[in-house]
Amino acid sequence: MLQQTTVAAVTPRFDRFIARWPTIEALAQASSDEILAEWAGLGYYARARNLIACARLVATQGGFPGTEVELRKLPGIGDYTAAAIAAIAFGRDATPIDTNVARVVARVHGLKQPVAGNIRTLTQAMTPAGQAGDFAQAMMDLGATICRPRAPDCPACPLKLDCVAFASGTPDAFPTPKPKRARPQRFGIAYWVQRQGAVWLVRRPAKGLLGGMAALPGPQWSGEPMPLVAPPLACIRHVFTHFALDLSVLSADRAEGDGWWHPIDRLDQAGLPTLYRHAAGQVLARAEECQGARSDAPARVLEDGPSPA
């Protein structure tokens, strides 16, 4: 959960997740829909799909392998995670390097433009034999709390006397910040189909962005604005890692595709990712405003289609 998500956001979700599935075996027996719904709002949903596949494989094997080589064979386990598990969980002499560790090592050695291979070699040389797990966690915390990207707290750093960046007087100039890339813009349409207190939801394709998540129906997103046949019920700007999306929510008169009717008063249990949760929230907020303005006739977003199951 901590890959690409902050500690503040993860902590309550992790506690709830572990309370619900306290063992690998329990997680392996859960349905994919249940796990994806619990993951809703954390983003990067490929992590959840890999977690499901990994749990099922580990349960089948009877436990986790203890070496980097074998750990990397598990779904969703890359070089960093394999090294972290091997070092911290199994006491192996492995070298997990996250962005915090890489920054500390680059500053200690005065590297303006570090190369991954150089960072790994230098980190391995700094790691005490038999204490790789403790050292890795110490370096991660050092980078997160003291050797910060901006305004590092050098007086509090235990490595300052051996740090080339500190000696330079401009430690936050190491390593050289990478230029920010322009974020592409994409456009999308989602349809709101409502009937008798329920809204039509579909499940996105298993692979790809928001894969396997509940969603409002709609066509694929495009690099060009899509023509709108009517004023939208809501307009959402959502920023993903690699692009920004403008999503227009339109009223539709029929339910299409493979989906289900979900009660609106239990929409928080649908497992909608942040994008669609915000979209639904705007539509419902607008409906409430209209109803308040027209007390003689309750506002409707749409009342058509089959009855909820």
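Heads up: these notes are all about the structure in this document. (Residues numbered from 1 in each chain as written. Predicted model: local features only at pLDDT ≥ 70, side-chain atom pairs only at ≥ 80, totals over all residues. Heavy atoms only, no water.)

1. Description of the layout of surface pockets
Our working rule: Residues are said to line a cavity or pocket when one of their atoms sits within 4 Å of a point; the points come from a 1 Å grid over protein atoms alone, cavities being sets where a 1.4 Å probe fits but cannot get out and pockets being open sets with protein on both sides within 12 Å along at least five of seven lines. Grid points are joined across faces, edges and corners, and a volume is the space filled by probe spheres set on the points. Secondary structure elements follow DSSP: runs of H or I no shorter than four residues count as helices, runs of E no shorter than two count as strands, and numbering proceeds from the N terminus. Residues are grouped as follows: nonpolar covers Ala, Val, Leu, Ile, Met, Phe, Trp, Tyr, Cys and Pro; charged covers Asp, Glu, Lys and Arg; every other residue, Gly included, is treated as polar.
Considered as a void within the structure, the largest pocket measures approximately 2,100 Å³ in volume. Surrounding the largest pocket, 47 residues form its lining, Met-1, Leu-2, Gln-3, Gln-4 and Arg-47 being those nearest its centre. Elements with a minimum of two residues in the lining of the largest pocket: α1 (7–20), α2 (24–29), α4 (46–61), α6 (79–90), α7 (99–108) and α9 (132–145). In this structure, the second largest pocket encloses a volume near 850 Å³. Every residue lining the second largest pocket is counted, 25 residues in all, and those nearest its centre are Thr-99, Ala-102, Pro-114, Pro-175 and Lys-178. Of all the secondary structure elements, the ones that give two or more residues to the lining of the second largest pocket are α7 and α8 (116–126). Sort the elements by how many residues they give to the lining of the second largest pocket and α7 lands first, with five residues. Tallied by class, the residues present in the lining of the second largest pocket amount to 13 nonpolar, four polar and eight charged.

2. Thoughts on the pattern of salt bridges
Condition: In the sections that follow, a salt bridge refers to a side-chain nitrogen of Lys or Arg positioned within 4 Å of a carboxyl oxygen of Asp or Glu. Residue exposure (1.4 Å probe, protein chains only): buried if accessible area is under 20% of the type maximum, exposed if over 50%, otherwise partly exposed.
Evaluation of the coordinates by the stated rule reveals eight salt bridges. Of the charged contacts in the structure, one is a salt bridge between Glu-38 and Arg-20, with a shortest N-O distance of 2.9 Å. In this pair, Glu-38 is assigned in helix α3 (residues 32–39) and Arg-20 in helix α1, connecting sequence segments 18 residues apart. Note on Arg-20: relative accessible area 40%, which makes it partly exposed. A salt bridge links Glu-70 to Lys-73; its shortest N-O distance comes to 3.1 Å.

3. Let's talk about α4
Note that an α-helix has 3.6 residues per turn; residues three or four places apart therefore point the same way. Note the following rule: In this analysis, the expected span of each helix is defined as 1.5 Å times one less than the number of residues it contains. What makes two residues a contact is simply this: any of their non-hydrogen atoms within 4.5 Å.
Between the first and last C-alpha of α4 there are 22 Å, a value that for 16 residues agrees with the 22 Å anticipated at 1.5 Å per step. Buried positions along α4 lie against α2 and α3. Gly-62, located one to two residues past α4, shows a positive phi value of around 90 degrees.

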